Amino acid sequence: MSVAFAGNSTSGSSREAGPLRVMIVDDSVVIRGLISRWVGAEHDMEVAASLRTGLEAVNQLERINPDVAVLDIEMPELDGISALPQLLAKKRDLVIIMASTLTRRNAEISFKALSLGAADYIPKPESTREASAADTFHHDLIQKIRHLGARLRRKAAVASPPLAPASPPPAARAPFVARPAAPAPAANALSSGALSTRPFSTLAPKVLLIGSSTGGPQALMALVTELGPVIDRFPVLITQHMPPTFTTILAEHLARSSRRPAAEAVDGEPVKPGRIYLAPGGKHMRVVRSGADVAIALDDGPAVNFCKPAVDPLFTSAIDIWHGAILSVILTGMGSDGMRGGKDIVAAGGSVIAQDEASSVVWGMPGAAANAGICAAILPLNQIGAKVNRLFAGDRS
């Protein structure tokens, strides 16, 4: 296996050009080999190193100088959760993606890693012989590396704009001509601050729907701390792109953050105010009419937008129940899940709020909704809770 190493780093900052350099740290030779082949096959990334332990990663970080590290949790000598703070102490802008198998212990450790500075997590399949599991792992990992690495480089470019070239001799200078600003990179689409919005619905919302993906757990835990008045009076349903076991842990964290009941939704249970319903990993969550009540409907259908659970099935199903009396929030995440469902909600008379680009870990999902022109507001995460509370209290502005 060919492995490229960088020379000694003179700075903690990441390069702004060339392929993303990926450091793979896992004690499984099979997993290291798989990820190395996947990364090596991409035009915009390269394998910077393939290492067996967290100790090797810490000791060799300056020499390797990666942009992104895929860090296993369980390793000899120095495990992932112990290596994480040491790696970030040496290179604070290193993008670290934690990798672990789907056990409750590893899910708990992954959540702890997020609080310690990891950018994201990814579940490893129990067996790479299962084609569908390996394909999902492959797709998700490459997308996370690409999007999180691109965000890092955009931040570095803003923080350290390139130096202007030296001025030519006076005789060679051309007359000054004002030039338009360079267009934003295609991955950004339009800046969230420059996008137009539509008026909020005049209908009083009767339910709050939230969709999120990459960066979502942290965003959700921050948001629900402010939503107590809404949760007490209205149903709150959340779809976060997450596998089984991880959603169990997330629900527990949401309950602690909100100080309200929060749990994975159960098929057939009634939807009532006073609690948070979280789509369980591996199942799409919809709402259906059950006599005079509204009930949860879970299904094991195919992935939607490469995700299961997906946001669109929840959003579109809610229209049959609440029609236009819906407020939906699309938080940080890769892809465009939630945009089509959000369009349907707006067409039915409801409203959509998107998280803004600056506060999003990845401005994919909220950016897709914003660029589609369906949002009534595009707000920083720390302003969404107050706005939601005001809308449910009767404000329509």
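Everything below is about the structure shown above.
Residues numbered from 1 in each chain as written. Predicted model: local features only at pLDDT ≥ 70, side-chain atom pairs only at ≥ 80, totals over all residues. Heavy atoms only, no water.

A. Representation of the pattern of salt bridges within the structure. As enumerated under the stated definition, the model contains 15 salt bridges in all. The salt bridge involving R105 is made with E74; its shortest N-O contact spans 3.1 Å. Remark: E74 occurs in the loop between β3 (68-72) and α3 (80-90) and R105 occurs in helix α4 (residues 104-115); sequence separation between them is 31 residues. With a closest N to O distance of 2.0 Å, D299 and R286 form a salt bridge. (Salt bridge = Lys/Arg side-chain N within 4 Å of Asp/Glu carboxyl O. Helix = DSSP H or I, 4+ residues; strand = E, 2+ residues; numbered from the N terminus.)

B. Representation of the sheet that holds β3 in the model. The five strands lie next to each other as β2-β1-β3-β4-β5, forming an open sheet whose pairing is parallel. If you trace the sheet from one side to the other, it starts and ends with β2 (45-51) and β5 (120-123), each paired once. The mean inter-strand angle of the sheet, taken between neighbouring strand axes irrespective of direction, is 20°. Along the sheet face, α3 touches β1 (20-25), β3 and β4 (95-100) and points at about 175° away from the line of β4. (Pairing = 2+ DSSP bridges. Axes fitted to C-alpha atoms, helices over the stretch in contact; angles between N-to-C directions. Contact = heavy atoms within 4.5 Å.)

C. Seen up close, the pairing of β1. Taken across its six residues, β1 has six buried, putting it largely inside the fold. Residue alternation in β1 divides its side chains into two sets, L20, V22 and I24 and R21, M23 and V25, and both sets are buried. Two elements, β1 and β2, share six bridges in a ladder whose sense is parallel. Bridging from a neighbouring strand, M23 pairs with A49 of β2. The parallel pair β1 and β2, bridged by helix α1 (residues 29-40), forms a crossover whose chirality is right-handed. Alignment of β1 against β3, held across four bridges, turns out to be parallel. In the strand pairing of β3, M23 is matched with A69. (Buried < 20%, exposed > 50% of the residue type's maximum accessible area, 1.4 Å probe, protein only. Right-handed = clockwise from strand over helix to strand, strands pointing away.)

D. A look at helix α10 (residues 339-348). Where α10 is concerned, the buried positions are M339, G341, G342, I345 and V346. Here the buried residues of α10 occupy an arc of 155° about the axis, which is enough to place them on one side. (Arc of directions from axis to C-beta.)

E. Structural detail: the pairing of strand β11 (residues 293-299). Where strand β10 (residues 284-290) meets β11, seven bridges bridge the pair, whose relative direction is antiparallel. Bridged to M285 within β11 is L298. In sequence, β10 turns back onto β11 through a hairpin of two residues, with G291 there showing a positive phi of about 65°.

F. Representation of the packing of aromatic side chains. This model, assessed by the stated rule, comprises three aromatic pairs. The ring of Y121 carries the charged tip of K144 above its face, separated from the ring centre by 5.5 Å. If you follow R275 out to its NZ or CZ, it ends over the ring of Y277, 5.4 Å from the centre. (Phe/Tyr/Trp six-rings, centres within 6.5 Å; stacked < 30°, edge-to-face > 60°. Lys NZ or Arg CZ within 6 Å of the ring centre and 35° of its normal.)

G. Local environment of the packing of helix α6 (residues 216-224) against helix α8 (residues 246-258). Where α6 meets α8, the axes come as close as 8 Å, and the angle between the chain directions of the two elements is 30°. In this view, α6 runs roughly parallel relative to α8, as classed from their interaxial angle. The chirality of how α6 crosses α8 is right-handed. Contacts between α6 and α8 involve P217, L220, M221 and V224 on the former and, on the latter, L250, H253, L254, S257 and S258. Along the lines of polarity and charge, the residues of the contact of α6 with α8 split into six nonpolar, three polar and no charged. (Parallel < 35°, antiparallel > 145°, perpendicular 65-115°, else oblique. Left-handed = near helix turned anticlockwise from the far one by under 90°. Nonpolar A, V, L, I, M, F, W, Y, C, P; charged D, E, K, R; others polar.)

H. Molecular detail of empty space enclosed by the protein. Scanning the entire structure with this criterion turns up one cavity of 30 Å³ or more. Volume-wise, the largest cavity comes out at about 80 Å³. Lining the largest cavity are 14 residues, and of these S201, L203, P205, L327 and S351 sit closest to its centre. Considering only residue class, the lining of the largest cavity consists of eight nonpolar, four polar and two charged. (1 Å grid on protein atoms, 1.4 Å probe; cavity = no way out; pocket = protein on both sides within 12 Å on 5 of 7 lines; lining within 4 Å. Points joined across faces, edges and corners; volume = space filled by probe spheres on them.)

I. Spatial organisation of the side chain of D44. Tracing the backbone through its elements, the reader meets D44 in the loop between α1 and β2. Look past the residues within four positions of D44 in its chain and what remains in contact with it is P19, L20 and R146.

J. Examining the sheet that holds strand β7 (residues 236-240) more closely. Here seven strands make up an open sheet; going across it, the order is β8-β9-β7-β6-β12-β13-β14 and the pairing parallel. Edge positions in the sheet fall to β8 (262-264) and β14 (377-379), since each has one partner strand and no second. In this sheet, adjacent strand axes meet at a mean angle of 20° when their direction is disregarded. In this structure, β7 lies alongside strand β9 (residues 276-278), joined through three bridges in parallel fashion. Of the residues in β9, the one forming a bridge with V236 is I276. Relative to strand β13 (residues 351-355), helix α12 (residues 381-392) is tilted by about 160°, and along the sheet it contacts β6 (207-212), β12 (326-330), β13 and β14.

Read these as geometric descriptors, not functional statements.
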